[in-house]
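Listed here are the chains, written in short residue letters.
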2 protein chains.
Amino acid sequence: MPLESYFPFWPALSSTQRDMLEQAAGMRVYKKGESVHQGGADCIGLLIVQSGQLRVYALSEEGKEITLYRLLERDVCLFSASCILRGMQAELWVEAAADTQAVHIPAGIYQKLMQASAPVANYTNELMADRLSNVMWLLDQVLYKRMDARLAAFLIEESELGQSRRVALTHEAIARHLGTAREVVTRMLKYLQAEGAVTLSRGDVTLLDLEKLTQIAEGSIR
Amino acid sequence: MPLESYFPFWPALSSTQRDMLEQAAGMRVYKKGESVHQGGADCIGLLIVQSGQLRVYALSEEGKEITLYRLLERDVCLFSASCILRGMQAELWVEAAADTQAVHIPAGIYQKLMQASAPVANYTNELMADRLSNVMWLLDQVLYKRMDARLAAFLIEESELGQSRRVALTHEAIARHLGTAREVVTRMLKYLQAEGAVTLSRGDVTLLDLEKLTQIAEGSIR
């Protein structure tokens with residue numbers, strides 16, 4: 001797929017800028033679980049997901065994780081180029097949640113374009129506003145949503161992403177997504193199983209009663 | 001103070017753009033406690049704090065508040081112009097935390113400048129990245145910091161902002177800042193008082209032992 005189809009600012013670029021972008025663009029391939037971006041440690045550039053899934057997460061001082069949002073096909077990962085974003089002090093981490101292929105735009109090239117082109121800079125703004133909106137939503141979830149509701153919503157989302165009732169994640173992995181302890185997840189999953197909403201086996205969770213799970217996710221069952 | 005001193009992109013503007021900005025700029029005055037921006041309900045524009053303090057907060061579905069960050073002298077409030085920020089879906093609220101005077105730039109004017117000028121668009125990026133960093137920091141606090149530590153840190157910050165050991169806030173107001181319940185704040189304050197870190201009277205909290213409070217804020221006293 002041509003770069004043109006990913007970037008709404010394409011018509012505004014000069015042919016020199018288009019050439020620069022096209023020549024610099026490359027392909028990156030990541031295996032499921034592979035680390036893509038490690039906070040302030042690297043600044044690879046933008047990544048446009050062609051296939052697969054990237055997981056963007058925060059890492060606490062003590063190594064605890066919470067998933068901030070996922071990037072799916074056609075989504076653009078901005079914070080893998082965080083060094084070019086003035087004012088950005090938070091460190092975000094990115095890993096491949098599935099085998100992933102992505103178009104790569106080197107940080108320096110994209111920075112040049114941002115500095116020269118208002119449409120590119122505004123597009124970057126739009127991405128950042130979208131990501132801020134995601135983080136605001138997460139903050140609201142963390143503050144006001146009970147853990148069983150968050151877990152139920154997470155399982156439904158994972159099931160939809162994987163297009164399967166079987167969610168192949170360990171309790172530990174789920175804990176890292178939700179920013180909680182493995183023991184809490186285990187306890188909650190057992191509760192959901194007792195409610196008939198899911199069934200548990202080693203290394204996965206199978207959704208049984210989507211309607212019930214949805215009600216729990218919406219907080220309408222105590 | 002001239003607009004020039006607030007905006008680092010000033011040298012990059014044409015004289016037409018500078019004139020447009022200067023002619024459109026106005027002054028806004030807010031009394032302490034006055035509402036400045038109410039999520040998606042209005043889009044007044046940018047506000048540059050000349051004196052006083054703006055409080056930017058999130059409001060949950062049930063009307064619970066949490067302070068996201070404060071804007072002090074020379075800080076620029078961006079989300080009072082949220083309608084011009086494509087991709088911004090979260091609703092932020094702004095109120096005057098103290099009697100405040102601010103330079104006002106109408107949303108439409110600033111949007112024109114963003115669209116025409118890469119330096120203005122990039123400056124907006126920088127503001128947004130800074131705000132995202134603030135929200136990320138808050139998420140980390142909410143997830144991993146005990147409430148007594150958060151409260152202690154908050155009291156120290158308020159004391160510094162007001163340049164006084166006496167923090168004139170009710171327990172309810174503190175709860176709205178921290179995104180918790182009034183009862184939790186009362187319990188925590190009583191604990192801090194029992195520890196000799198603060199003393200409580202009607203409608204305020206006086207800091208007694210800054211060193212102890214700092215230790216609690218850093219989580220080094222259980």
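Residues numbered from 1 in each chain as written. Chains lettered and ligands numbered in written order. Predicted model: local features only at pLDDT ≥ 70, side-chain atom pairs only at ≥ 80, totals over all residues. Heavy atoms only, no water.

Undergrad: It is not clear to me how the pattern of salt bridges should be interpreted in this structure. Could you clarify?
TA: As a working rule, side chains carrying opposite charge can pair if their charged atoms are close by. Residues and elements named next belong to chain A. Summed over all chains, the structure comprises 26 salt bridges over all chains. With a closest N to O distance of 3.7 Å, Glu-157 and Arg-70 form a salt bridge. Note that Glu-157 is positioned in helix 4 (residues 147–162) and Arg-70 in strand 5 (residues 65–71), a separation of 87 residues in sequence. Its relative accessible area of 14% is what places Arg-70 among the buried residues. Counted as one network, the salt bridges with shared partners bring together Arg-55, Glu-65, Glu-95, Glu-172 and Arg-176. (Salt bridge = Lys/Arg side-chain N within 4 Å of Asp/Glu carboxyl O. Helix = DSSP H or I, 4+ residues; strand = E, 2+ residues; numbered from the N terminus. Buried < 20%, exposed > 50% of the residue type's maximum accessible area, 1.4 Å probe, protein only.)

Undergrad: Just to check I follow, could you spell out the confidence of the model for chain A for this structure?
TA: As a general rule, the predicted coordinates of low-pLDDT regions are not to be interpreted in detail. Looking at chain A as a whole, the pLDDT averages 96, with 99% of positions reaching at least 70. At the level of chain-chain contacts, confidence expressed as ipTM amounts to 0.95, with global pTM at 0.95. (pLDDT = per-residue confidence, 0-100.)

Undergrad: What is the right way to look at the environment of B:Ala168 in this model?
TA: All names here are of chain B. Within the fold, Ala-168 resides in the loop between strand 9 (166–167) and helix 5 (171–178). Owing to a relative accessible area of 43%, Ala-168 belongs among the partly exposed residues under this scheme. In the structure, Ala-168 is positioned 130 residues away from Gln-38 in sequence and 25 Å away in space, judged by C-alpha atoms. With near-sequence residues (within four places) excluded, Ala-168 lies in contact with Gly-203 and Asp-204. (Contact = heavy atoms within 4.5 Å.)

Undergrad: How should the nonpolar core be read in this particular structure?
TA: Nonpolar side chains in soluble globular proteins generally cluster together in the buried interior. Core analysis: the largest hydrophobic core is formed by 102 residues, its most contacted members being A:Leu21 and B:Leu21. Look past the residues within four positions of A:Leu21 in its chain and what remains in contact with it is A:Leu3, A:Phe7, A:Phe9, A:Trp10, A:Leu13, A:Ile105, A:Ile109 and A:Leu113. Within the second largest apolar cluster, 24 residues are counted, among which are A:Ala173, A:Leu189, A:Leu207 and A:Ala217. (Core = buried A, V, L, I, M, F, W, Y, C linked by side-chain atoms within 4.5 Å.)

Undergrad: So what exactly am I meant to see when it comes to the packing of aromatic side chains here?
TA: Applying the stated criterion to the full structure yields 8 aromatic pairs over all chains. Ring geometry for B:Phe7 versus B:Phe9: centroids 4.7 Å apart, planes at 15 degrees, classification stacked. Summarising the burial analysis for this pair, B:Phe7 and B:Phe9 share the class buried. Measuring from ring centre to ring centre gives 6.4 Å for B:Tyr57 and B:Trp93, while their planes differ by 40 degrees; the resulting arrangement is tilted. Placement of the pair is B:Tyr57 in strand 4 (residues 54–59) and B:Trp93 in strand 7 (residues 93–96), with a sequence separation of 36 residues. Both residues of the pair, B:Tyr57 and B:Trp93, belong to the buried class. Members of the aromatic cluster, joined through ring pairs, are A:Phe7, A:Phe9 and A:Tyr123. The ring of A:Tyr57 has A:Arg55 lying over it, and the distance from NZ or CZ to the ring centre is 4.1 Å. (Phe/Tyr/Trp six-rings, centres within 6.5 Å; stacked < 30°, edge-to-face > 60°. Lys NZ or Arg CZ within 6 Å of the ring centre and 35° of its normal.)

Undergrad: Explanation requested: the relation of the copies chain B and chain A in the structure shown.
TA: Two copies of a chain can be linked by a rotation about an axis combined with a shift along that same axis. Each copy superposes on the other: chain B lies on chain A with an RMSD of 0.0 Å after a rotation of 180 degrees and an axial shift of 0.0 Å. Overall, the copies show the geometry of a two-fold rotation axis. Taking C-alpha positions as the reference, the residue of chain B nearest the rotation axis is B:Ala118, at 1.9 Å. When the interface residues of chain B are mapped onto chain A, 100% of them again lie at the interface, so the same face is used by both copies. (Least-squares fit on C-alpha atoms with pLDDT ≥ 70 in both.)

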